[in-house]
Amino acid sequence: MATISEAIRIAESHQQAGRLSEAEQIFRQVVGAEMHRHEIWHRLGLLACQTKQYDEAVRCIGRAVAICPKVAEYHNSLGVAYYFLGKPAEAESCFQRVLDLKPEFVEAQRNLGAVRQRVSYPVSIPSIKIQSGLDFLLLHFPPFDYPMLPSGLAYVHNALTRTELRVQTIDLNIVFFHQFHQKRFYGIADVTASGALLSADIWGYANHLEWEREEVMGLFWPDVDDMLAQIVRCRPKAVGLSVHASNRGFSNRFIRALRALSPETVVVVGGYECEFPNVGPTLIPDYVYMMIFEADLTIGPLAAAIAGGHRPKDLPGVLSRFDTPGRVFEPGPLLQNLDEADFPRYQWADLELYQPQYRTGYFPIIASRGCFWGRCRFCAECFPYRYRSAKKVADEIEEWTHRGARTFQFNESDFNGEPQMVYDLCTEIIRRNLQVSLMGQLRVQKKNTAEHFQQLRRAGFTYLRFGIDAWSDHTLRLQCKGYTFATVLQNLRDCHNTGVQTAVNMVIGVPGETEEDVDEMIQNVIRCKDYFDSMDFVNPLKLRWGSEYVADPDKYKIRFRGEKEAILSKYPQSPPESLWYSEDPYIDHDVRLKRMERIYETLRKNGVRFGPPALRTIKECLHGQVPDGGGEYRRRETLPNADAEMAATPAEGANMH
Ligand code: B12
Ligand code: SF4
């Protein structure tokens, strides 16, 4: 038998000649006899790299490093193996270790640069640290549309920071979003407690139901537990949560956990789920204070009172555990002059955290609140209309352009509620030469002249959606839209002629809608098809609290399958489709779905293009499992065309209602 040094020499010559398995065999015999030979482990690792067995490379080089941790070269080799194994974080720390040991190691410098440039996660994720001595801790749990800038939360943050109080705001949605995506980025898939692999993007607009599963929330719960322990230690005077339809499950679970650990903590809730005083408490039962609708003027005084040790009751715009039993709720004061509220700047976090949204997606702007018309019978968004001055909105847009934003979406129900303000805003944008791309949703109206649309185009509007909803004179009257089909045609033509991408929507099956109406709507959409680019939303009618249909169902011959009051109080937000229908003519959810299918198939055959949100609704309603409002699920037969079109449609961009 050759000596060890002879054996190594023979192995080296095999290796140089490309006889890798012979070389490996000899090296393995050597380490079998002398396990401490770190240089042989290293060589075996390099051999494994050559044969692309990176797992084995990491194992062998790891042995070398363990035996002799001071050799910079070993760390560099280990970094390379990790890099090719698809573990850039580990690779990066290996290269960093090399440079700690040997700063002049040029290869490692290059490797570190490469691994950082090419593969490192683009933002640094803050850890969750609760400050001590807080008067108000404001939280926002996931999920919220993509890494969206939460404007409502920002207005509450602004209102609180205008006071003398010590306030901290944490948008946990964005923190958890990045934590989750960082792992996916490094090739580590999230596995839930039951072993299920989470392959879907759980922040995706279509996947929000995933968050109703405890085990999905469980993925983030270790961080929440840690935060809860900090809250118990730091004892903020109040903890506020911004709650909407998507994060209600997470928020409620957090409130339960917090109150179990610290029953004296004052929990203040607000947000979309707290729009109506009879609905909010059924959705978020464990609150101490619930602020109904907008809180710009009410949150500051309430937070100050709580911080001062008071527990006020019976406040306008606020529900509380301390309220006098039987108290009749009265709405709180609303901000009338929107210019008085500073616009959102999201100061609580490094804006880079939101950059996937605002650099490559769109930046949300709120130029108005509520709706000027406010009379559509199905609509739950008929809040009092107010708007900001053109100058202030232009100031906001200009400021964000300096910080890298280019595409802005007006996130509001009735962007052109005051057309002159919109015209003036466009004039201001043109005068300031702001190079922006703008999107918004418009209400059809006569005041939208051809010149109006040309001005919008000149300012940079690239996408406009019209909430048309009904497509015939009769259904427009049934829905109380306030315009005729002639105006629809004129608005669409004038808008589309400017070159702005024009989108439309449709609501199906309102009380009184006949099969003849459906035929006419189909024909009218086809008449307009050259004046719009896509039908972006198609919705079968839902009954929503806040709408005229729920306020006075008898007037519209809406009947319930059971006792009306009992159904509406059991499902205050929106009764399940299976529990109501309308008469003259008879329309239930099955009728609506049949109409939807007929409309979709006819329009598709006639060359009408559907946008991703519409296709998703159509697919969910006619093909997939559809939540029935009350939690029941039912199946429909498949609809291959929607499937095929969905597959062919690019990822969803901005989505509004
Ligand atoms: C713009 C908008 C959006 C934008 C939000 C953009 C953004 N950056 O914030 C987008 C498109 C993302 C969106 C999404 C959704 N939306 Co939306 N949206 C609206 C719309 C048109 C305007 C909201 C707005 O900006 N109002 C102005 C700001 C200043 O008010 P705000 O955000 O409500 O915040 C105030 C209060 O809520 C309160 N507040 C907020 N947080 C907190 C926290 C505390 C502690 C307190 C005390 C108070 C408080 O004070 C704030 C300042 O006054 C409203 C309709 C309307 N007119 O309100 C619907 C509306 C709010 N949306 C609605 C729906 C259904 C949705 C979606 C569920 C749609 C969907 N099917 O996915 C999602 C939910 C969010 C999600 N997917 O994660 C419903 C109600 C939703 C609900 N109950 O949760 C509304 C009312 C429309 C409707 N009637 O159907 N939406
Ligand atoms: S549907 Fe649109 S136009 Fe009609 S009331 Fe609602 S927000 Fe206003």
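J.: What should I look at first to understand the overall build of the protein chain in this one?
T.: The secondary structure content of the protein chain amounts to 26 helices and 18 strands. Considered along the principal axes of its C-alpha atoms, the protein chain spans approximately 100 × 65 × 60 Å. Relative to its full complement of 657 residues, the protein chain shows a buried share of 53%. When contacts within the protein chain are restricted to residue pairs at least 6 apart in sequence, those whose partners lie at least 24 apart make up 69%. Accessible area for the protein chain stands at about 28700 Å²; split by element, carbon and sulfur atoms hold 52% of it. On the protein chain, the mean spot of the 76 positive side-chain charges and the mean spot of the 83 negative ones are 2 Å from each other.

J.: What is the right way to read the site of ligand 2 from this model?
T.: Around ligand 2, the structure places Cys-371, Gly-374, Arg-375, Cys-376, Phe-378, Cys-379, Ser-413, Arg-443 and Lys-481. Grouping the amino acids of the shell around ligand 2 by side-chain chemistry returns 4 nonpolar, 2 polar and 3 charged.

J.: What should I look at first to understand the environment of Ile-174 in this one?
T.: One can find Ile-174 in helix H9 (residues 172–185). Accessibility expressed as a relative area gives 1% for Ile-174, which makes it buried. In sequence terms Ile-174 and Met-290 are 116 residues apart; their C-alpha atoms lie 24 Å from each other. With residues up to four places along the chain from it excluded, the contact list for Ile-174 reads Pro-147, Leu-353 and Tyr-354.

J.: How do you make sense of the packing of helix H4 (residues 54–67) against helix H5 (residues 72–84) when you look at a structure like this?
T.: When two helices pack together, their arrangement is given by the angle between the helix axes and the distance between those axes. Packing of H4 against H5 brings their axes to within 9 Å, and their N-to-C directions diverge by 160°. As judged from the angle between their axes, H4 and H5 are roughly antiparallel. Note that H4 runs across H5; the crossing there is left-handed. For the pair formed by H4 and H5, the contact residues are Tyr-54, Ala-57, Val-58, Ile-61, Gly-62, Ala-64 and Val-65 on the first element and Tyr-74, His-75, Ser-77, Leu-78, Ala-81, Tyr-82 and Phe-84 on the second. Classifying every residue of the contact of H4 with H5 gives 11 nonpolar, 3 polar and no charged.

J.: Got a minute to help me understand the sheet that holds strand E1 (residues 136–140) in this structure?
T.: Each strand in a sheet pairs with its neighbour through backbone hydrogen bonds, running either in the same direction (parallel) or in the opposite one (antiparallel). The sheet built from 6 strands is open, its strands ordered E2-E1-E3-E4-E5-E6 with mixed pairing. Here the strands that pair on one side only, and so sit at the sheet edges, are strand E2 (167–171) and strand E6 (318–320). When the angles between neighbouring strand axes are averaged without regard to direction, this sheet yields 20°. Helix H8 (residues 151–161) rests against E1, E2 and strand E3 (238–242) of the sheet, and its axis sits at about 175° to E1.

J.: Sorry, what's going on with the confidence of the model for the protein chain here?
T.: Detail in the predicted coordinates should be disregarded across regions flagged by low pLDDT. Predicted confidence across the protein chain gives a mean pLDDT of 89, with 91% of residues reaching 70 or more. Confidence drops under pLDDT 50 across residues 625–640; counting only partners more than four residues distant or on other chains, this segment forms 45 contacts. Predicted confidence for residues 646–657 stays below pLDDT 50, and this span has 31 contacts to residues more than four positions away or in other chains.

J.: I'm lost on the packing of aromatic side chains in this one. Help?
T.: Counted according to the given criterion, the structure contains 31 aromatic pairs. Aromatic side chains Tyr-600 and Phe-610 sit 5.0 Å apart centroid to centroid with 65° between the ring planes, which places their arrangement in the edge-to-face category. Of this pair, Tyr-600 sits in helix H24 (residues 589–605) while Phe-610 sits in the loop between H24 and helix H25 (612–622), placing them 10 residues apart in sequence. Accessibility assignment for this pair places Tyr-600 and Phe-610 in one class, buried. The residue whose ring lies beneath Arg-345 is Phe-343, and the NZ or CZ to ring-centre distance is 4.1 Å.

J.: I would appreciate a short explanation of the nonpolar core in the present structure.
T.: Generally speaking, soluble globular proteins have nonpolar side chains that are buried together. Core analysis: the largest hydrophobic core is formed by 146 residues, its most contacted members being Phe-254, Val-268, Val-269, Phe-410, Trp-471, Met-535 and Phe-610. Two domains share this core, each providing at least three of its residues, namely domain 2 (136–320) and domain 3 (338–610). In contact with Val-268, other than residues within four places in its own chain, are Phe-136, Ala-238, Val-239, Gly-240, Leu-241, Tyr-289, Met-291, Ile-299, Leu-302 and Ile-306. Membership of the second largest hydrophobic core comes to 36 residues, among which are Trp-41, Cys-94, Phe-105 and Ala-108.

J.: Even after reading the chapter, I still don't get the side chain of Arg-253, so can you show me in this structure?
T.: Residue placement: Arg-253 occurs in helix H12 (residues 248–261). According to the relative accessible area criterion, Arg-253 is buried, its value standing at 17%. Every residue in contact with Arg-253, bar those within four places of it in the chain, is listed here: Glu-214, Met-217, Gly-218 and Trp-221.

J.: Would you mind going over the pairing of E1 with me for this structure?
T.: Among the 5 residues that make up E1, 5 are buried, leaving the element largely enclosed by the rest of the structure. Neither face of E1 is left uncovered, since the one carrying Phe-136, Leu-138 and His-140 and the one carrying Leu-137 and Leu-139 both have all their residues buried. Where E1 meets E2, 5 bridges bridge the pair, whose relative direction is parallel. Across the sheet, Leu-137 pairs through a bridge with Gln-168, a residue of E2.

J.: Help me out: how do you make sense of the side chain of Ser-368 in this one?
T.: Mapping Ser-368 onto the fold places it in strand E8 (residues 368–369). Given a relative accessible area of 2%, Ser-368 falls into the buried group.

J.: In this structure, what is going on with the pattern of salt bridges? I would like to understand it.
T.: Should the charged atoms of two oppositely charged side chains come close, the side chains can pair. Under the definition given, this model contains 39 salt bridges. When the shortest N-O distance is used, the salt bridge between Glu-92 and Arg-116 registers 2.8 Å. One end of the pair, Glu-92, is in helix H6 (residues 88–101); the other, Arg-116, is in helix H7 (residues 106–119), and 24 residues separate them in sequence. Overlapping salt bridges bring together Lys-391, Asp-395, Glu-398, Glu-428, Arg-431 and Arg-432 as one network.

J.: How do you make sense of helix H11 (residues 221–234) when you look at a structure like this?
T.: Think of an α-helix as 3.6 residues a turn; residues three or four steps apart then line up on the same face. The end-to-end C-alpha separation of H11 is 19 Å, in line with the 20 Å expected for 14 residues at 1.5 Å each. For H11, the complete set of buried residues consists of Trp-221, Val-224, Met-227, Leu-228, Gln-230, Ile-231 and Cys-234. Arg-235 sits one or two positions beyond H11 and adopts a positive phi of about 45°.

What counts, and at which threshold
Residues numbered from 1 in each chain as written. Chains lettered and ligands numbered in written order. Predicted model: local features only at pLDDT ≥ 70, side-chain atom pairs only at ≥ 80, totals over all residues. Heavy atoms only, no water. Helix = DSSP H or I, 4+ residues; strand = E, 2+ residues; numbered from the N terminus. Buried < 20%, exposed > 50% of the residue type's maximum accessible area, 1.4 Å probe, protein only. Contact = heavy atoms within 4.5 Å. Areas by Shrake-Rupley, 256 points an atom, 1.4 Å probe, with all protein chains shown as cover. Lys, Arg positive; Asp, Glu negative; His and termini not counted. Charge placed at Lys NZ, Arg CZ, Asp CG, Glu CD. Near = heavy atom within 4 Å. Nonpolar A, V, L, I, M, F, W, Y, C, P; charged D, E, K, R; others polar. Axes fitted to C-alpha atoms, helices over the stretch in contact; angles between N-to-C directions. Parallel < 35°, antiparallel > 145°, perpendicular 65-115°, else oblique. Left-handed = near helix turned anticlockwise from the far one by under 90°. Pairing = 2+ DSSP bridges. pLDDT = per-residue confidence, 0-100. Phe/Tyr/Trp six-rings, centres within 6.5 Å; stacked < 30°, edge-to-face > 60°. Lys NZ or Arg CZ within 6 Å of the ring centre and 35° of its normal. Core = buried A, V, L, I, M, F, W, Y, C linked by side-chain atoms within 4.5 Å. Domains from an automatic or database assignment. Salt bridge = Lys/Arg side-chain N within 4 Å of Asp/Glu carboxyl O. Expected span 1.5 Å × (residues − 1).

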